[in-house]
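This is what each chain is made of:
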Amino acid sequence: MKTSADVRIESIAAGGDGVARADGLVLFVPRTAPGDLVSVEFTPRGNFARADLVSVLEASPARVEPECAHYVKDRCGGCQLQHLSYDAQLQAKSRNIADSVRRIAKRDAPAPEVRASPIQWRYRRKLTLALRKSGTAWRAGLHPYDDPASVFSLNDCPITSERVIDVWREIMAASADLPDALELRGAVRVAGEGASCVIEGGRTWAHSGVFFHRVRSLTALWWSGDGKARKLMHKRQSGQAPGASFAQVNTEVAAALRRHVLDLTLAYSPHSAIDAYAGLGDLSAALHERGVNVTAIELDAEASAWCARRLSGRSRTIAGRAEDWVPRELPADVLILNPPRAGIDEGLAASLESSLDAPRAVLYISCNPATLARDLARMPRYRVTSLLAFDMFPQTAHVETVCELVPDPA
């Protein structure tokens, strides 16, 4: 049975929901701003509950009108913070990073600076959509935040580059030639003058050539069929980097973050560095050009091969898992970790904690404050010496954090 209450929103949680309290419960209320007085409905379960926003009784000064029609009309789950002013978004992200480090890692940490994105709209160079087939017609879109199983048709996405949206419109015009399936997933990225697409799903794709011919903006098409590895299907240009998986979503902020990590690394005057989860090797190549002997470790075979083409001499690339190879490649002056949202493997954290060949510094690039804090808790030997965040994803709850760690003397 649902309960009604009027509550004041105290803060923004890591996922973007507002946090309030009622009758001893902690409530998480989507689409609310700190300072809002709101009417909500919820079903009590334990000490926490997710509440539905009924109405805003008193709007916070941090509240703004969302720019995207889908955000309100379709309850789009792609963004979580469009209803907050940009300053309020940055403050919420800073607070959440510090809260995760204090609460999970048990480390004292001031709220870090979150460096703003130069642009807050049309910054995304990559867009992944769900595709659903009804009869002979396809629709492409995103999921409502409160109904992740359904998909609404996307007309536009104001945080995404118009070039990406245009490619998606071409894809939908050619959708009759997509793989034979009821559900697919597609990712489009633009880089330079080209665009690439990865389609996931379906058992066969008889008309991939026709599809590629019709979508003239594409310079590369990849397909990952059901249970199959990703395969390059068609290409119009040679020498292209692997597809949409390694796209820089916000190129300007990504470049600023990379410069910061490069500066931190070079401050140690390193002879050697390990770049784990190296991707296409942008950072590895920059360090190599400055005379550092780099060992780049990347699991994805295509990305690893691309990275290897950028290194020479005493710098090299290893195609493998970071948890397998980092312990073998130590000692190194600096270790750079840039894992996915799940963070680093527990075994890798244990290895770094116990290693006799600890690097002089570990630079951990995180896209998830909670897993960063969890990994810090696993490595009490390492002291946080700097923490700086970058707003790679305005209008969303996501944030990139660079954490500099040095081992304390035994």
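All of the points below concern the structure found in this document.

Rules of the game
- Residues numbered from 1 in each chain as written.
- Predicted model: local features only at pLDDT ≥ 70, side-chain atom pairs only at ≥ 80, totals over all residues.
- Heavy atoms only, no water.
- Helix = DSSP H or I, 4+ residues; strand = E, 2+ residues; numbered from the N terminus.
- Rg over C-alpha atoms; globule rule 2.2 N^0.38 Å.
- Buried < 20%, exposed > 50% of the residue type's maximum accessible area, 1.4 Å probe, protein only.
- Contact = heavy atoms within 4.5 Å.
- Areas by Shrake-Rupley, 256 points an atom, 1.4 Å probe, with all protein chains shown as cover.
- Lys, Arg positive; Asp, Glu negative; His and termini not counted.
- Charge placed at Lys NZ, Arg CZ, Asp CG, Glu CD.
- Pairing = 2+ DSSP bridges.
- Axes fitted to C-alpha atoms, helices over the stretch in contact; angles between N-to-C directions.
- Expected span 1.5 Å × (residues − 1).
- Parallel < 35°, antiparallel > 145°, perpendicular 65-115°, else oblique.
- Left-handed = near helix turned anticlockwise from the far one by under 90°.

Tallying secondary structure elements over the chain gives ten helices and 22 strands in all. Over its C-alpha trace the chain gives a radius of gyration of 23 Å, about what one expects of a compact globule, namely 22 Å for 410 residues. Principal-axis analysis of the C-alpha atoms gives the chain an extent of 65 × 60 × 35 Å. Counting all 410 residues of the chain, 53% fall into the buried class. Summarising the internal contacts of the chain: among those between residues at least 6 apart in sequence, 59% fall at separations of at least 24. Summed over its atoms, the accessible surface of the chain is roughly 18,500 Å², and 49% of this surface lies on carbon and sulfur atoms. Once the 50 positive and 48 negative side-chain charges of the chain are each reduced to a mean point, those two points are 4 Å apart.

The amide bond that connects L330 to the next residue, P331, takes the cis arrangement and shows omega of 10 degrees. In the Ramachandran plot, R75 falls in the positive-phi region, its phi being about 55 degrees despite a non-glycine side chain. Looking at the element boundaries, R75 is found in the loop between α1 (69-73) and α2 (86-103).

On the basis of which strands lie adjacent, the open sheet formed by three strands has the order β1-β5-β7 and antiparallel pairing. The open sheet is flanked by β1 (3-8) and β7 (52-58), the only strands paired with a single partner. The mean angle between the axes of side-by-side strands here comes to 25 degrees, regardless of whether they run parallel or antiparallel.

Attention shifts here to helix α5 (residues 251-266). The terminal C-alpha atoms of α5 lie 22 Å apart, and with 16 residues this matches the ideal 22 Å at 1.5 Å per residue to within 8%. Among the residues of α5, those classed as buried are V253, A254, L257, H260, V261, L262, L264 and T265. Here the buried face of α5 lies against α6 (282-289), β19 (334-337), β20 (361-366), β21 (382-390) and β22 (400-407).

Take the packing of α5 against α6 next. Orientation of α5 relative to α6, taken along the N-to-C sense of each, is 40 degrees, at an axis distance of 11 Å. Between α5 and α6, the angle falls in the class oblique. Pair α5 / α6 crosses with right-handed handedness. Between α5 and α6, the contacting residues are R258, V261, L262, T265 and L266 on the first element and D282, L283, A286 and L287 on the second.

A separate point is α6. All of the buried residues in α6 are L283, S284, A285, A286 and L287. Of the residues one or two after α6, G291 is the one with positive phi, at around 90 degrees.

Within the open sheet, the seven strands sit side by side as β11-β10-β9-β12-β13-β14-β15. Their pairing is mixed. The two strands at the open ends of the sheet, each matched to only one other strand, are β11 (152-153) and β15 (231-235). By the bridge criterion, four bridges tie strand β14 (residues 220-224) to β15 in an arrangement that is antiparallel. Considered in β15, the bridge of W222 is made with L232.

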